Each structure stands twice: as structure tokens, then as C-alpha cells.
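# Secondary and tertiary structure notes
In case you want the letters, here they are:
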Amino acid sequence: MASSIFPITTIRQDFPILHKPVHGKPLIYLDNAATTQKPKKVIEALVAFYEQSNANIHRGVHALSECSTQKYEAAREKVRAWVHAKSTDEIIFTKGTTEALNLVAESWARPQLHKGDEILLTEMEHHSNIVPWQFVCQKTGAVLKVVPVNNQGELVWEEFLKRLGRRTKIVAVTHVSNTLGTVNPIASIVKKAKEVGAVVVVDGAQAVAHIPVDVQTLGCDFYAFSGHKMYGPTGIGVLYGKAEHLERMEPYQGGGDMIRSVTFDKTEYAPPPFKFEAGTPPISGAVALGAAMETLSQIGLEAIASHEHSLLDYATQKLREEKGLSIIGQAKEKGGIISFVCEGVHPHDIGTLLDEEGIAIRAGHHCTMPLMKRLGVPGTARISFALYNTKEEIDALVEGLHKVRKVFSIPS
Ligand code: C6P
């Protein structure tokens with residue numbers, strides 16, 4: 001229903017890159033989980049910032065510096081509202097999800113964890129939500145525990161409960177799996193984790209641009225995401241952290257802008273969020289991320305979610321009709337991501353041959369190697385939707401897959 005009134009033509013006009021041919025064919029961009037394309041408003045916000053407002057923030061007394069500071073802090077407020085945090089003091093700008101997760105691992109976990117403490121992850125985590133915790137384990141003697149996924153690609157709830165105990169200090173879980181599309185029940189996970197006093201860190205990289213996120217309702221302690229996966233620029237991301245944690249945490253890096261006073265004997269830190277933003281931050285990136293959020297708000301996240309869901313349903317149905325093709329990840333709650341494998345064709349060959357048709361997909365392990373091992377596949381082909389995708393593009397994808405089969409002499 002919603003997709004029929006979704007202003008798809010107007011939306012597509014707003015994304016210049018969608019009108020650039022690739023290999024002489026119209027671009028069909030289905031690699032949105034890797035990074036989304038950028039609307040004019042975001043590109044123009046970057047240009048306008050450098051043409052009209054460029055200066056360093058928080059330090060200058062001059063007009064441009066005040067203007068730049070005001071825009072940067074206004075962007076923080078937009079992010080606060082986007083995830084419904086209580087205060088802008090809980091919003092830290094980072095380089096992206098990866099840096100945000102490393103910040104929690106280094107500044108919250110490493111000083112607090114001890115030998116025998118446990119960090120609970122899931123089998124579907126991205127490497128960004130595995131490797132930083134391994135660093136913590138190496139440095140503290142804590143151990144990783146892993147919740148398995150079932151054949152549908154869902155967390156096995158009973159196994160989660162079995163592994164959760166008084167030694168669990170952190171539960172680190174992805175909101176939406178970048179490989180399977182599975183949406184995890186974060187609020188229920190938080191409720192259980194709180195019963196044992198564990199802190200919950202959510203990797204929201206694949207969620208924030210697709211489903212409404214309210215960190216207060218979810219109750220999580222930390223929530224990490226990247227600007228470039230939500231129509232903003234690369235090099236900007238966000239860590240939400242509950243004030244009670246951020247106040248007690250040590251800084252992640254030292255430098256300018258994160259201090260109250262410095263002598264050679266002692267440094268006093270600025271309060272959060274500045275304590276965690278050493279050096280000149282990605283100012284223009286934050287401003288343009290704010291513009292991306294405005295664009296999404298204007299269209300409406302509910303409408304976007306509904307459009308992407310109809311694409312997911314349509315593509316799932318179409319791909320199920322394809323002989324020799326298996327969809328990997330059939331969770332009941334799914335976001336707009338479909339991984340698949342085709343009998344007799346390596347995922348990389350699928351990706352390369354589709355590229356010749358102007359169709360951009362991703363192929364490989366998607367930075368989820370432990371999940372690939374669990375699923376018994378070296379990699380998958382993956383399509384992932386954004387607000388500008390259409391059912392016609394899915395039809396073209398299916399056409400493209402027929403061509404791939406032809407190249408490999410596999411009957412359709
Ligand atoms: N996934 C993909 O799936 P950065 O690189 O810091 O912006 O995001 C890292 C990251 C963390 N968690 C999840 C769930 C993710 O999906 C990603 C990025 C991309 O194509 C690149 S591997």
C-alpha cells in the first residue's frame with residue numbers, strides 16, 4: 001500500500017549518482033548495506049559548509065568559528081533527536097561504527113573487566129563487533145562467549161539465556177545483521193542482560209536508516225552507527241552512550257578540545273561528549289549527516305521502512321522462484337538485506353557479471369567470517385535496499401541472474 005504512494009520518482013531525482021550510467025547501462029545500486037548513495041541536500045550541505053562556514057570549532061572567537069561550532073552542535077542535536085537520547089551530552093561523534101565500538105571496548109570495557117569476566121556476542125556479528133572485544137580479552141583475561149544462530153539466521157534465544165550469567169559483563173549485539181538482514185530483539189535482550197547487571201552495546205550500523213531507533217525505549221547502554229550508511233558522508237559516525245557511563249569513562253584519545261585544563265603534571269578533562277572528541281572532528285561530515293537526517297525525516301522513516309519492506313517481500317518471492325538459488329537467512333524479522341548463493345557459480349562471479357549489466361551488489365564474506373563458517377559457505381552474493389530502489393530494479397536483477405546462469409551454461 002505505502003509503496004504505491006511513496007514518491008519514488010521525486011526521491012530518485014534527488015540522487016545524482018543514480019543517473020550516471022555504469023558500463024553503458026543505467027546504474028542499479030543494490031549495495032546499500034556497504035554504503036548508501038547521497039542526496040543533493042547532503043552534497044550541497046558539504047559544499048555550503050566549505051563555501052560559507054568553514055572554520056575550526058569550539059576554539060575561535062571569530063564569526064566563522066562561531067558559525068561552524070553552531071552548525072556542528074546543531075547536528076549533534078539532530079542526532080540526539082534521531083535516536084531519541086535524553087541529552088546531546090550522550091552523543092559522541094566518531095569516524096564510524098568501527099571507531100564507536102572500539103571506543104566502548106577501550107574506554108569502558110578494558111578498565112573494568114577482569115580475568116574470568118565474560119563478553120557475550122552472537123554468531124552473526126560483523127568483525128567490528130568481534131575484534132575490539134578480542135583486544136579487551138587479550139588485555140584483561142576476560143573471555144568471549146558466542147550465542148549461536150539457527151538455520152533461519154535467528155539468534156537461538158534459549159542459548160542466549162544459557163550463556164547469560166553473573167559473569168557476563170557485556171552483551172554486544174547487532175541490531176540488524178549486515179549479512180542476513182535479521183532484526184534482533186534488542187529490547188528483550190536488554191531486559192535479560194539487565195537482570196544480570198550486564199551492559200548492552202548495540203551495533204546499529206544497518207538499522208538507523210531503516211527502522212526507528214529509540215535508545216531510551218530499547219534501554220541499551222551504548223548504540224553505534226555510521227553516517228555513510230544513512231545517506232551521509234564517509235568519515236562520520238556516532239556513539240550514543242548513557243550519561244552515567246560516559247561520565248565515568250576514561251577518554252579514548254588525548255589531544256586538543258577534550259580538556260578542561262592541562263599542566264605537565266595533570267590534565268583535567270572536559271565533560272562528555274567533548275572528552276571523547278580529541279582533535280579537530282569531522283565538522284563538515286557532522287553537518288552533512290544532519291542534512292541526511294533532515295532528508296529522511298521529510299520523507300518519513302515509517303514510509304521508508306514500509307517501502308523497503310515491500311521491496312524485500314517482492315525480491316524474496318522473485319528469488320525463491322529461481323532454480324538453484326538459495327536465500328541465506330530467512331528470519332521472521334528481517335530488514336532489506338538478502339544474501340544468496342547459486343549452485344555452480346561463485347558469489348564473486350555473480351557480482352562481477354552483474355556489474356557488467358550496471359548492477360552493483362556485494363559478494364564475499366561481508367566481514368562476518370565466523371557467520372560464513374557457521375553457514376558452511378565461503379561467501380554469499382548480497383543485495384541490500386535503500387529508499388530509492390524499485391521493483392523494476394529487482395526484475396532487472398533477476399534478468400541479470402539469468403544471464404549469469406547462461407554464462408555458466410546452467411539452465412534457468
Ligand atoms: N558493513 C557491509 O556490510 P564502518 O565501516 O565503521 O562504517 O561500519 C562497520 C560495520 C559495523 N557493523 C555492521 C553491522 C556493518 O554492516 C558494518 C559495515 C559493510 O557491506 C562493510 S563490511
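Our subject is the structure listed above.
Summary of the structure given here.

## Some points on the overall build of the protein chain
A count of helices and strands for the protein chain gives 15 helices and 15 strands. The C-alpha radius of gyration computed for the protein chain amounts to 22 Å, which stays within 12% of the reference 22 Å derived for 412 residues, consistent with globular compactness. Seen through its principal axes, the protein chain has C-alpha atoms that stretch 75 × 55 × 35 Å. Each of the 412 residues in the protein chain was classed as buried or not, and the buried ones make up 56%. In the protein chain, of all internal contacts separated by at least 6 residues, the share reaching a separation of at least 24 is 70%. Total accessible area on the protein chain is roughly 17700 Å²; 54% of this is exposed by carbon and sulfur atoms. Within the protein chain, one finds 44 positive and 45 negative side-chain charges whose respective centroids are separated by 4 Å.

## Structural notes on the pairing of strand β12 (residues 337-342)
Burial of β12 is extensive: 6 of the 6 residues sit out of reach of the surface. Two elements, strand β11 (residues 325-328) and β12, share 4 bridges in a ladder whose sense is antiparallel. The residue of β12 that forms the bridge with I327 is F340. Of the pairings in the sheet, the one linking β12 to strand β15 (residues 380-384) comprises 4 bridges and is antiparallel in character. Residue pairing for β15: S339 is matched across the bridge by R382.

## Quick look at the packing of aromatic side chains
Considering all chains together, one arrives at 7 aromatic pairs under this definition. Residues W157 and F160 carry aromatic rings whose centres are separated by 5.0 Å and whose planes lie at 45° to one another, so their mutual orientation is tilted. Of this pair, W157 and F160 both sit in helix α7 (residues 157-163), separated by 3 residues, roughly a single helical turn. Take F160: its relative accessible area is 2%, and that puts it in the buried class. Seen from their ring centres, Y223 and F225 are 6.2 Å apart, and the 65° between their planes marks the pair as edge-to-face. Ring-pair connections join several aromatic residues into one group, and the members of that group are F15, Y231 and Y388.

## Remarks on the site of the ligand
Near the ligand, the surroundings consist of 17 residues, among which T98, D203, Q206, S226 and R362 are the closest. Q206 places a polar side-chain atom, nitrogen or oxygen, 2.7 Å from an oxygen atom of the ligand. At 2.7 Å from an oxygen atom of the ligand is found a side-chain nitrogen or oxygen belonging to H228. With the chains in place, 87% of the 510 Å² that the ligand exposes on its own is no longer accessible. Split into classes, the residues belonging to the shell around the ligand amount to 4 nonpolar, 9 polar and 4 charged.

## Things to note about the sheet that holds strand β7 (residues 222-226)
With mixed pairing, the 7 strands of this open sheet are ordered in space as β2-β8-β7-β6-β5-β3-β4. The two strands at the open ends of the sheet, each matched to only one other strand, are β2 (91-94) and β4 (143-147). Direction aside, neighbouring strands of the sheet carry axes that sit 20° apart on average. For β2 and strand β8 (residues 237-241), the ladder comprises 4 bridges, and the chain directions are antiparallel. Of the residues in β8, the one forming a bridge with I91 is Y240. Its contacts with the sheet place helix α4 (residues 63-83) against β2, β7 and β8, and it is angled at close to 115° to β2.

## Examining unusual backbone geometry
Following P272, the chain continues to P273 via a peptide bond in cis, the omega torsion being 5°. Considering the arrangement of structural elements, one finds P273 in the loop between β10 (267-269) and α11 (283-299). Phi is positive for D257, close to 75°, though the residue is something other than glycine. You can see D257 is positioned in the loop between α10 (243-248) and β9 (259-262). The class of D257 is buried, set by a relative accessible area of 19%. In this structure, S409 is a non-glycine residue whose phi angle is positive, near 55°. Here S409 is to be found in the segment after α15 (391-407).

Conventions used here
Residues numbered from 1 in each chain as written. Predicted model: local features only at pLDDT ≥ 70, side-chain atom pairs only at ≥ 80, totals over all residues. Heavy atoms only, no water. Helix = DSSP H or I, 4+ residues; strand = E, 2+ residues; numbered from the N terminus. Rg over C-alpha atoms; globule rule 2.2 N^0.38 Å. Buried < 20%, exposed > 50% of the residue type's maximum accessible area, 1.4 Å probe, protein only. Contact = heavy atoms within 4.5 Å. Areas by Shrake-Rupley, 256 points an atom, 1.4 Å probe, with all protein chains shown as cover. Lys, Arg positive; Asp, Glu negative; His and termini not counted. Charge placed at Lys NZ, Arg CZ, Asp CG, Glu CD. Pairing = 2+ DSSP bridges. Phe/Tyr/Trp six-rings, centres within 6.5 Å; stacked < 30°, edge-to-face > 60°. Near = heavy atom within 4 Å. Polar contact = N/O pair within 3.5 Å; in protein donor to acceptor, adjacent residues only side chain to side chain. Nonpolar A, V, L, I, M, F, W, Y, C, P; charged D, E, K, R; others polar. Axes fitted to C-alpha atoms, helices over the stretch in contact; angles between N-to-C directions.

Everything listed here is a matter of geometry and, on its own, says nothing about what the molecule does.
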